[in-house]
Amino acid sequence: MPDRRFYSPAGPLTLRALAAVSGAEIGAGDPAAVFTDVSPLDTAVSTDISFLDNRKYRESFAASEAGACLVAPGLASLAPAGMALLVTAEPYRGYAKVARAYYPDREPEPVQTGASLIHESVTIGDGTQVDPGAVIGPRAEIGRRCRIGANAVIGTGVAVGDDTAIGPQAVLAYCIIGRRVIVHPGVCIGQDGFGFALGSDGHEKIPQLGRVLVGDDVEIGANSTIDRGSGPDTVIGAGSKIDNLVQIGHNVQVGRNCVIVAQSGISGSSEIGDFVIIGGQAGITGHLTIGAGAKIAGQSGVMRDVSPGATMGGSPAQSGRDWMRGVALLQSLVKKRKGA
Amino acid sequence: MPDRRFYSPAGPLTLRALAAVSGAEIGAGDPAAVFTDVSPLDTAVSTDISFLDNRKYRESFAASEAGACLVAPGLASLAPAGMALLVTAEPYRGYAKVARAYYPDREPEPVQTGASLIHESVTIGDGTQVDPGAVIGPRAEIGRRCRIGANAVIGTGVAVGDDTAIGPQAVLAYCIIGRRVIVHPGVCIGQDGFGFALGSDGHEKIPQLGRVLVGDDVEIGANSTIDRGSGPDTVIGAGSKIDNLVQIGHNVQVGRNCVIVAQSGISGSSEIGDFVIIGGQAGITGHLTIGAGAKIAGQSGVMRDVSPGATMGGSPAQSGRDWMRGVALLQSLVKKRKGA
Amino acid sequence: MPDRRFYSPAGPLTLRALAAVSGAEIGAGDPAAVFTDVSPLDTAVSTDISFLDNRKYRESFAASEAGACLVAPGLASLAPAGMALLVTAEPYRGYAKVARAYYPDREPEPVQTGASLIHESVTIGDGTQVDPGAVIGPRAEIGRRCRIGANAVIGTGVAVGDDTAIGPQAVLAYCIIGRRVIVHPGVCIGQDGFGFALGSDGHEKIPQLGRVLVGDDVEIGANSTIDRGSGPDTVIGAGSKIDNLVQIGHNVQVGRNCVIVAQSGISGSSEIGDFVIIGGQAGITGHLTIGAGAKIAGQSGVMRDVSPGATMGGSPAQSGRDWMRGVALLQSLVKKRKGA
């Protein structure tokens, strides 16, 4: 269930209405049954509607407690008993429409033109200073001894822990920030993840209903971007240090005490273990698991899971040793040919 | 002709004055003839002065209707009949100086210190909300039901279509934005492109006189940057989705419904067809044509034109298949050598 | 000695106190001796405490005029006569703690909540315009005929030269900016460098006590980030042009008239000679020297020093010729195998 601090669903909606919104057919269930929210398969409860788009998650589907689910015809038979089904060739696209029906685009409580920079409902702890031009939205909670930089923007409902510094021009939305965190200038946290159901007649936007959770003692470098989760949260573990211009996609889980060097990027839903070091300009594709203590060389392109403690390099990334061997081998072949 | 919404030329200037400004010699034409504006070869009219710097464009030169042109001695003979010629060993550098003479650095209508955040000449449609701290410059036109985020900056003359959301801290200048567009926080649209006439005694800045045109239903991710055109426009086609920290150079033409993943970059004047997918951290060099429906793998370095529908990978990029074969071959050679 | 414009040390501290703060043992020197500041080995004077963490710098250590130094047990014997020594297995971690003792986190003279956007102590030259929403901190000095963009933030003590344009949303701190500089929107200059003493129980932040010095006629592209020095300064030489989304690490020295294309990154303490050209998305690791006039191809990963005038490509970067030979060789091997 999306955090009520940030999101208020517009429902409930009947299965019949959900079928109409999504363009799916009712494959099972009472058309008059009502559902109140959307949720991923593994966290859904009986009042939620979920979706199965990728065969990879069919076990989560079979075990899900979701009351209803959007599913492709070929996978419908794997549904657990009693689950209402909306059958469609494009379940993800259908989910996009259903989620937008529950969570229409516009935020429910917009600040008004000409309003004061700091909303009257904001709470600010003792010893905190707010620099000129900073804007703080409704119901935000700022801890003690914080510094909110000039012209920073803190969105509706955001919570910032004690002794945290938010840099000038930073933008925080849909996030819970820990204690002693340093957010450098220009950082954007909590904007929509890059989620679309691609289609030949245009791409359907997937509402992003999660948050960003930033642990204690995290540092986030200038102009880095951290998207909020699509339903699950994006999480940055305590003590992790993120350099400038880093991109963290939606649903990414970064462990504790990681070091993520400038201009690297982590694609959606990847999990990074504790004490992982990621070199500059490295890229990690989506839905991977990087084991604790792994070291990823700069400019690597990681396309598979990485074992704990492994050192990886190259694009596509291999073990650091094999990468260096390949480089050396190719250089020696070139040398040989030049000599010939 | 640069859009009068954004640019007002200081001219007219005589051929004699233009020769003096650029340090070129008059190779043809009446020194007293006057010209009123600068323009690229293919759009120039008889009152414009243009330039030819790259032999690649000599056919555009021969067919151009420009009234005058800066040209290197060796290419002057290709000029169409009646064109006034300013001959110089460094036509691009000369053009930089001429263009700056027509368009001096400073904007003609600056907002003044202490002015209100929203200029009195701005028009704002019904149902639009402007969050605290947003600055909107002279003659900007904001559509209906838009949301302008906190501390966003909208420059002189910018037009924003209906139902568009501009994120906090975004900066829009010299651009026309479509309907239902989402511009995420920290995005910079319309700043000068990276255009210089390089020289051993310093680099001469080329005035950037185009715009950025963003089509309907486009989404642009946090902290991405889109430079305005140098004379032609930079164009983002309707329905295209751009992720975070993406760089789009001047004069780039992105087609419709493209998907451009985080931290990728497209260099100046490249044309991207419809429904192209560009993976994360990929780079596309300048002046290329990427065919419709092409798929560019993450971290690719595309240095040549790409056929429609092709899949490319690697740096320099090859067909996806050959790239993967090369990777596998090198790995097998390393393995063999280890075994030996 | 850190620039008093930006930093005021909290000391003096006795050797005994410094040992307690850092967890080191006194290996030489009078416990009651006092030291007033921290400094790198090569610029330290007799009242400073410094550190030696990398064997590479042992000659600077032996020649240093620092009054005291944190050092590992195995290197202590290389100390010059009369230097007080704090011996610890983790000198860099110890230095982090010592430097934080001299320079506590919070700035000494914070602007206050509700203060006016432009501090009363700011000096602004004739002909300069400050756009709406810009925030300028205590003792900043803005030159003549400058333009400070809407919602830009200029920090305490920053100096901006004549005829310089600071874009909307730019953030400047701890920096001295030259004349005729163009800083594009969203640029962040002067934030903390990415400096940590890594440790298995968390990473210790190293106070960053240097500045950013930007020479005349420099241009810095949208959303680029330039960290301030850790003790030495980060320097951008006159006439250099930096594109969008570029990352410049702490202590980097960029020469004059360099061209640094979008999304490239230069890691800490590297020195880039004059007229170097760095292609898009290239990366240069730390502590390297790139000779004057070198050309680094896009997406290169430079891991070694580069000779003046050399052309480099690939990741890891080789000479441009060898890189292209390797690419061609691998392609020909693939072709052969396909034919077989």
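I will try to describe carefully the structure that is included in this document. Remember, predicted model here, so these are calculated numbers, not experimental data. (Residues numbered from 1 in each chain as written. Chains lettered and ligands numbered in written order. Predicted model: local features only at pLDDT ≥ 70, side-chain atom pairs only at ≥ 80, totals over all residues. Heavy atoms only, no water.)

**Some remarks on the overall build of chain A**
Of regular secondary structure, chain A possesses four helices and 38 strands. Overall, the C-alpha framework of chain A stretches about 80 × 55 × 35 Å when taken along its three principal axes. When contacts within chain A are restricted to residue pairs at least 6 apart in sequence, long-range pairs at least 24 apart make up 25% of them. With the model as given, the accessible surface of chain A reaches about 12700 Å², and the carbon-plus-sulfur share is 52%. When the 29 positive and 32 negative side-chain charges of chain A are each reduced to one mean point, those points stand 10 Å apart. (Helix = DSSP H or I, 4+ residues; strand = E, 2+ residues; numbered from the N terminus. Contact = heavy atoms within 4.5 Å. Areas by Shrake-Rupley, 256 points an atom, 1.4 Å probe, with all protein chains shown as cover. Lys, Arg positive; Asp, Glu negative; His and termini not counted. Charge placed at Lys NZ, Arg CZ, Asp CG, Glu CD.)

**A word on unusual backbone geometry**
Residue serine 315 of chain A is joined to proline 316 of chain A through a cis peptide bond whose omega torsion reads 0°. Residue placement: proline 316 of chain A occurs in the loop between strand E37 (311–313) and strand E38 (318–319). Residue glutamine 169 of chain B is not a glycine yet carries a positive backbone phi of 65°. Within the secondary structure layout, glutamine 169 of chain B lies in the loop between strand E15 (165–166) and strand E16 (171–172). Assessed through its relative accessible area of 4%, glutamine 169 of chain B is described here as buried. The backbone of phenylalanine 275 of chain B sits at a positive phi, close to 55°, despite the residue not being glycine. (Buried < 20%, exposed > 50% of the residue type's maximum accessible area, 1.4 Å probe, protein only.)

**Brief notes about the pattern of salt bridges**
Within the structure shown, the criterion is met by 51 salt bridges over all chains. Residue aspartate 233 of chain B pairs with arginine 211 of chain B through a salt bridge whose shortest N-O separation is 2.7 Å. On the criterion of sequence distance, the pair formed by aspartate 233 of chain B in the loop between strand E24 (225–226) and strand E25 (234–236) and arginine 211 of chain B in the loop between strand E21 (204–205) and strand E22 (212–214) is long-range, its members being 22 residues apart. Three or more residues are tied together by salt bridges with common partners; here these are Glu90, Arg93, Arg100, Asp201 and Glu204 of chain A. (Salt bridge = Lys/Arg side-chain N within 4 Å of Asp/Glu carboxyl O.)

**A short note on the environment of glycine 125 of chain A**
All names here are of chain A. Among the structural elements, glycine 125 can be located in the loop between strand E8 (123–124) and strand E9 (129–130). Taking relative accessible area as the criterion, glycine 125 reaches 18% and is therefore assigned buried. Expressed as a C-alpha distance, the spacing of glycine 125 and valine 160, which sit 35 residues apart in the sequence, is 10.0 Å. Residues in contact with glycine 125, not counting those within four places in the same chain, are Ile142, Gly143 and Arg144.

**So, the interface of chain A and chain C**
At the interface, 46 residues of chain A touch 58 residues of chain C. Here chain A meets chain C over a buried area of about 3600 Å², counting both sides, of which 59% is carbon and sulfur. It is Pro132, Gln169 and Gln299 of chain A that lose the most area in chain A upon contact with chain C, and together they represent 14% of the buried surface on that side. Counting every contact that joins chain A to chain C gives one salt bridge. Note that lysine 205 of chain C and glutamate 219 of chain A form a salt bridge whose closest N and O atoms lie 2.8 Å from each other. Applying the counting criterion to the chain A and chain C interface returns 21 residue pairs in polar contact (both at pLDDT 80 or more). Looking at the side of chain A that touches chain C, the elements with two or more residues in it are E9, strand E26 (241–242), strand E29 (259–260) and helix H4 (320–339) of chain A. The element contributing the most residues to the side of chain A that touches chain C is H4 of chain A, with nine residues. (Buried area = accessible area lost by both parts, 1.4 Å probe. Polar contact = N/O pair within 3.5 Å; in protein donor to acceptor, adjacent residues only side chain to side chain.)

**Let's talk about the relation of the copies chain A and chain C**
The transformation that overlays chain A on chain C combines an axial shift of 0.0 Å with a rotation of 120°, and the residual RMSD is 0.1 Å. Such a turn and shift between the copies fits a three-fold axis. (Least-squares fit on C-alpha atoms with pLDDT ≥ 70 in both.)

**Points about the packing of helix H4 (residues 320–339) of chain B against helix H4 (residues 320–339) of chain C**
At a closest axis distance of 9 Å, the pairing of H4 of chain B and H4 of chain C adopts a crossing angle of 95°. Our classification of the angle between H4 of chain B and H4 of chain C gives roughly perpendicular. Residue-level contacts link Asp322, Arg325, Gly326, Leu329, Leu330, Ser332 and Leu333 of chain B of H4 of chain B to Leu330, Leu333, Val334, Arg337 and Lys338 of chain C of H4 of chain C. Residues that form the contact of H4 of chain B with H4 of chain C fall into these classes: six nonpolar, two polar and four charged. (Axes fitted to C-alpha atoms, helices over the stretch in contact; angles between N-to-C directions. Parallel < 35°, antiparallel > 145°, perpendicular 65-115°, else oblique. Nonpolar A, V, L, I, M, F, W, Y, C, P; charged D, E, K, R; others polar.)

**Examining the sheet that holds strand E30 (residues 265–266) of chain A**
Residues and elements named next belong to chain A. Read across the sheet, nine strands follow the order E10-E13-E16-E19-E24-E27-E30-E33-E36 without closing on themselves; strand pairing throughout is parallel. Bordering the open sheet on either side are strand E10 (135–136) and strand E36 (301–302), each of which pairs with just one other strand. In this structure, strand E33 (residues 283–284) lies alongside E36, joined through two bridges in parallel fashion. When the sheet's bridge partners are listed, isoleucine 284 is paired in E36 with valine 302. (Pairing = 2+ DSSP bridges.)

**A closer look at the interface of chain B and chain A**
How big an interface is tends to be reported as the loss of accessible area on association of its parts. With 46 residues of chain B at the interface, the matching set in chain A holds 58 residues. For the chain B and chain A pair, buried surface summed over both sides reaches about 3600 Å², with 59% attributable to carbon and sulfur atoms. Ranking the residues of chain B by area buried against chain A places Pro132, Gln169 and Gln299 of chain B at the top, with a combined share of 14%. Taken together, the links from chain B to chain A amount to one salt bridge.

**With respect to the sheet that holds strand E35 (residues 295–296) of chain B**
Judged by pairing direction, the sheet is mixed, and its 11 strands sit side by side in the order E9-E12-E15-E18-E23-E26-E29-E32-E35-E37-E38 (chain B) without closing on themselves. The open sheet terminates on both sides in strands that have one partner only, identified here as strand E9 (129–130) and strand E38 (318–319) of chain B.

**Here we look at the packing of aromatic side chains**
What the rule picks out here adds up to 21 aromatic pairs over all chains. Measuring from centroid to centroid gives 5.0 Å for phenylalanine 194 of chain C and phenylalanine 196 of chain C, while their planes differ by 85°, and the two rings are edge-to-face. If you follow arginine 228 of chain A out to its NZ or CZ, it ends over the ring of tyrosine 174 of chain A, 3.8 Å from the centre. (Phe/Tyr/Trp six-rings, centres within 6.5 Å; stacked < 30°, edge-to-face > 60°. Lys NZ or Arg CZ within 6 Å of the ring centre and 35° of its normal.)

**Considerations on the environment of alanine 63 of chain B**
Position of alanine 63 of chain B among the secondary structure elements: in helix H2 (residues 58–63). Sequence spacing of alanine 63 of chain B and aspartate 42 of chain B is 21 residues, and the spatial spacing of their C-alpha atoms is 7.9 Å.

**What about empty space enclosed by the protein?**
Counted under the stated rule, the structure contains five cavities of 30 Å³ or more. Approximately 1000 Å³ is the volume found for the largest cavity. Ser315 of chain A, Gly314 and Ser315 of chain B together with Gly314 and Ser315 of chain C are the residues nearest the centre of the largest cavity, which is lined by 47 residues in total. Contributing elements (two or more residues each) for the lining of the largest cavity: H4 of chain A, H4 of chain B together with H4 of chain C. Tallied by class, residues from the lining of the largest cavity come to 16 nonpolar, 30 polar and one charged. Roughly 80 Å³ of internal volume is contained in the second largest cavity. (1 Å grid on protein atoms, 1.4 Å probe; cavity = no way out; pocket = protein on both sides within 12 Å on 5 of 7 lines; lining within 4 Å. Points joined across faces, edges and corners; volume = space filled by probe spheres on them.)

**Details of the side chain of aspartate 227 of chain A**
Its place among the elements puts aspartate 227 of chain A in the loop between strand E24 (225–226) and strand E25 (234–236). Of the side chains bearing the opposite charge, arginine 228 of chain A lies closest to the buried aspartate 227 of chain A, which forms no salt bridge; the N-O distance is 8.0 Å. Among the polar contacts listed, one links the side chain of aspartate 227 of chain A to the side chain of asparagine 244 of chain B, at a separation of 2.8 Å. Once residues lying within four places of it in the same chain are set aside, the contact partners of aspartate 227 of chain A are Gln191, Asp192, Gly193, Phe194, Val212, Thr234, Gln247, Ile248, Gly249 and His250 of chain A together with Asp243 and Asn244 of chain B.

**Quick look at helix H1 (residues 15–22) of chain C**
Residue and element names in this part refer to chain C. Taken as a whole, H1 has its buried residues at Leu15, Leu18, Ala19 and Ser22. Seen end-on, H1 carries its buried residues on one side only, within an arc spanning 100°. A positive phi of about 75° marks glycine 23, the residue just after H1. (Arc of directions from axis to C-beta.)

**Regarding the environment of alanine 17 of chain A**
Residues and elements named next belong to chain A. Here alanine 17 shows up in helix H1 (residues 15–22). Residue alanine 17 is classed as partly exposed on the basis of its relative accessible area, which comes to 27%. Between the C-alpha atom of alanine 17 and that of alanine 33, which follows or precedes it by 16 residues, the distance is 9.9 Å.

**Side note on the pairing of strand E6 (residues 68–71) of chain C**
All names here are of chain C. Here E6 shows no split at all, with Ala68 and Leu70 on one side and Cys69 and Val71 on the other all buried. For strand E5 (residues 48–51) and E6, the ladder comprises three bridges, and the chain directions are parallel. By the bridge assignment, phenylalanine 51 is partnered in E6 with leucine 70. Since E5 and E6 lie parallel, the crossover through helix H2 (residues 58–63) that links them has a hand, and here it is right-handed. Two strands pair when backbone bridges link them, and E6 and strand E7 (residues 84–87) are joined in this way by four bridges, in the parallel orientation. By the bridge assignment for E7, alanine 68 is matched with alanine 84. (Right-handed = clockwise from strand over helix to strand, strands pointing away.)

Any functional reading would require information that these geometric values do not contain.
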